[in-house]
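Examining the three-dimensional arrangement
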Amino acid sequence: MPDIVLTTLNAKYAHAAFGLRYLLANLGELRDRARILEFDINQRSTDVLEAILAQEPKIVGVGVYIWNVTQATALVADLKRVRPDIYVVLGGPEVSHETDGQEIVRLADVVITGEADLAFAAVCADLMETSATAAAAPAMARIVAAAAPRFEQLALPYDLYDEQDLSHRVVYVEASRGCPFHCEFCLSSLDVPVRNVPIDHFLTAMERLLDRGLRRFKFVDRTFNLNLNVSRPILEFFWRRYEPGLFLHFEMIPDRLPEALREPIRRFPTGALQFEVGIQTFNETVSERISRRQDNAKLAENLRFLRDETGVHVHADLIVGLPGEDVESFAAGFDRLVELRPQEIQVGMLKRLRGTPIVRHDAEWGMVCSPSPPYEVLRTGAIDFPTMQRLRRFSRYWDLVANSGNFVQALPLLWLDGRSPFAEFHRFSDWLFARIGRNHSIALHSLAEHLFHFLIEQGHDARATAEAIWRDYQRGGRSDLPDFLRPHVPPPDRDARRSAISRSPKRQTRHLSGGV
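Residues numbered from 1 in each chain as written. Predicted model: local features only at pLDDT ≥ 70, side-chain atom pairs only at ≥ 80, totals over all residues. Heavy atoms only, no water.

Before going further, it helps to spend a moment on the overall build of the protein. For the protein, the helix and strand inventory stands at 18 helices and 16 strands. Here the C-alpha atoms of the protein give a radius of gyration of 25 Å, agreeing with the 24 Å that 2.2 N^0.38 yields for 516 residues. Across the 516 residues that make up the protein, the buried fraction comes to 53%. Element-wise, carbon and sulfur atoms account for 50% of the exposed surface of the protein, whose accessible area totals about 22800 Å². Charged side chains in the protein number 62 positive and 68 negative. The centres of these two groups are separated by 3 Å. (Helix = DSSP H or I, 4+ residues; strand = E, 2+ residues; numbered from the N terminus. Rg over C-alpha atoms; globule rule 2.2 N^0.38 Å. Buried < 20%, exposed > 50% of the residue type's maximum accessible area, 1.4 Å probe, protein only. Areas by Shrake-Rupley, 256 points an atom, 1.4 Å probe, with all protein chains shown as cover. Lys, Arg positive; Asp, Glu negative; His and termini not counted. Charge placed at Lys NZ, Arg CZ, Asp CG, Glu CD.)

Encoded structure:
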């Protein structure tokens, strides 16, 4: 039985806990005495506790994040009730800041703030010695501030992904840590300067993952395109080893895409690359207020390049509720982004993450956020609560209709003739909520029917609208003509077969033109 259990509650089963693997890889002499147990937030706390206690550990290390802090608190509370002799060590971004007053911190024996890759091993060694000498456990949580390690000090964790991970889960990798920018809503603004993994060492690890059959890599670097001496060799490495099915996800700085990086990006076929691009706001006054530097003209040029000259799938982010940004300003930014044609626009509600300096705007700009995870904005001086709720529904419906890729031909019908995409989709969002009263558990068939009826009510031609929705409906390989379309669309050819476009993930594939 292991003396140390490393555990966390992932948001979904498909997510592999990257941080736990780093901790295990760097346990040194204690590595053989440790084991990772992963769970997800939908599992019952008592079942998770039973699985952990079955290992008979002396130490339980728990990764705490914004998505699992509520469930993790319940787990730690139950663990301490049943086995108060087991040491509980916490780490992760949710317990790295504002530890005073957190119930989970009060319950734990040790809390490691910051990057715990090396500090966890030292804490475990100390606790093992304490246990061996029969010393009493600490009465209150002890806070250990971890020094940020250099990559040269770390063992990389990639060999700890097992065959199940490689076949069925999201595999995370990183070529760097940190961020040089100071956007006040982001925890990365608190990071030390960017540190890069020695490139040869990193690429050797990636080669081993490729050799083991991994084809989908999710890079967690905040600023992948910051350093050409890192980003270009990585793209060239994967291009030399490209084969169908390879998929790479990167987070990119939106206004930095020099020709030296454009050239290798152009080589990849459609669907092989996904760039997550944080736009957040086009309002330059708001950007300055939150210490965000961004060249909007250069950003627009780069997005046009990606859409017109590459096969990159672009996922762009906008934030609702930034200090001083009203609905009109957000709408103008949204319309501007739609015009630049990213495949996905993630409309996110501002979250007041622990430790972020955006709290300095609370009084002046009337910022009110929920005190409970995920700490989303409730209202601001520029957007009242009822309006914020409508925008929250807008965000959810946009994800279901637009980002899903299920309506790539029907959706633009909403804003024909130069109408505002924001205004028209906002109208549809309000109409849909008035009809169904929810923003979840909506079957695709039902969503398609509602969109059809809304477009007809807005004066669109029934046959043209039905044909667009039918083409979209078939995009995911469906051949059952919905009843509401039958009066307007001829029956499908039952012998027709959908051609394969790509081996990219399904959501990205649906955005490709000519998908049927």
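What helix α2 (residues 45-53) keeps buried is the set V48, L49, I52 and L53. Each buried residue of α2 lies within a common arc of 130° when the element is viewed along its axis, so the set occupies one face. Elements in contact with the buried residues of α2: β1 (4-10), β2 (34-40), β3 (59-63) and α3 (69-82). (Arc of directions from axis to C-beta. Contact = heavy atoms within 4.5 Å.)

Right, let's talk about the packing of aromatic side chains for a bit. Under the defined criterion, the tally for this structure stands at 31 aromatic pairs. Geometrically, the ring pair formed by W239 and F268 is edge-to-face, given 5.6 Å between the ring centres and 70° between the ring planes. Separated by 29 residues along the polypeptide, W239 in helix α8 (residues 228-240) and F268 in the loop between α9 (259-267) and β12 (273-280) bring together distant segments of the chain. Judged by its relative accessible area of 31%, W239 falls in the partly exposed class. Members of the aromatic cluster, joined through ring pairs, are F18, Y22, Y158, Y161, F202, F217, F219, F224, F237, F238, F250 and F275. Positioned above the aromatic ring of F305, the side-chain terminus of R262 is 4.3 Å from the ring centre. The ring of Y473 is capped by R478, whose NZ or CZ atom sits 5.6 Å from the centre of that ring. (Phe/Tyr/Trp six-rings, centres within 6.5 Å; stacked < 30°, edge-to-face > 60°. Lys NZ or Arg CZ within 6 Å of the ring centre and 35° of its normal.)

The next subject is the environment of V110. Turning to its location among the elements, V110 is positioned in strand β5 (residues 110-113). Separated by 20 residues in sequence, V110 and L90 have C-alpha atoms that sit 6.3 Å apart. Among residues more than four places away in sequence, those in contact with V110 are V88, V89, L90, V123, L127, R142 and V144.

Taken together, the six strands give an open sheet; going across it, the order is β7-β10-β11-β12-β13-β14, and neighbouring strands pair in parallel fashion. The two strands at the open ends of the sheet, each matched to only one other strand, are β7 (172-173) and β14 (344-349). The sheet contact formed by β12 and strand β13 (residues 313-320) spans six bridges and is parallel. Its bridge partner lying in β13, Q274 is registered against H313. Seen against the sheet, helix α11 (residues 296-309) touches β12 and β13 and runs at an angle of roughly 155° to β12. (Pairing = 2+ DSSP bridges. Axes fitted to C-alpha atoms, helices over the stretch in contact; angles between N-to-C directions.)

A separate point is the environment of L306. Considering the arrangement of structural elements, one finds L306 in helix α11. For L306, a relative accessible area of 4% corresponds to the buried category. Taking the C-alpha atoms as reference points, L306 and D255, separated by 51 residues in sequence, lie 12 Å from one another. When residues no more than four places from it in sequence are discounted, the contact partners of L306 are L257, I265, F275, V312 and V314.

A few words on the confidence of the model for the protein. When pLDDT is averaged across the protein, the result is 93; 94% of the residues are at 70 or more. For the stretch residues 496-501, pLDDT sits under 50, and the model shows 10 contacts to residues farther than four places along the chain or on other chains. (pLDDT = per-residue confidence, 0-100.)

Okay, α9 next. For α9, the full list of buried residues reads L261, R262, P264 and I265. Turning to α9, the residues buried within the fold contact α8, β11 (247-252), β12 and α11.

A few words on the sheet that holds β3. With respect to topology, six strands assemble into an open sheet ordered β2-β1-β3-β4-β5-β6, the strand pairing being parallel. Where the open sheet ends on each side, the last strands, each with one partner, are β2 and β6 (142-145). Pairwise comparison of adjacent strand axes, ignoring direction, gives a mean angle of 20° for this sheet. With seven bridges connecting them, β1 and β2 associate as parallel partners. Paired with T8 across the strands is E38, a residue of β2.

Right, let's get into the pairing of β12. A large share of β12 lies buried, amounting to seven of its eight residues. Strand direction decides the pairing type here: β11 and β12, joined by five bridges, are parallel. Counted as the bridge partner of M252 is V277 from β12.

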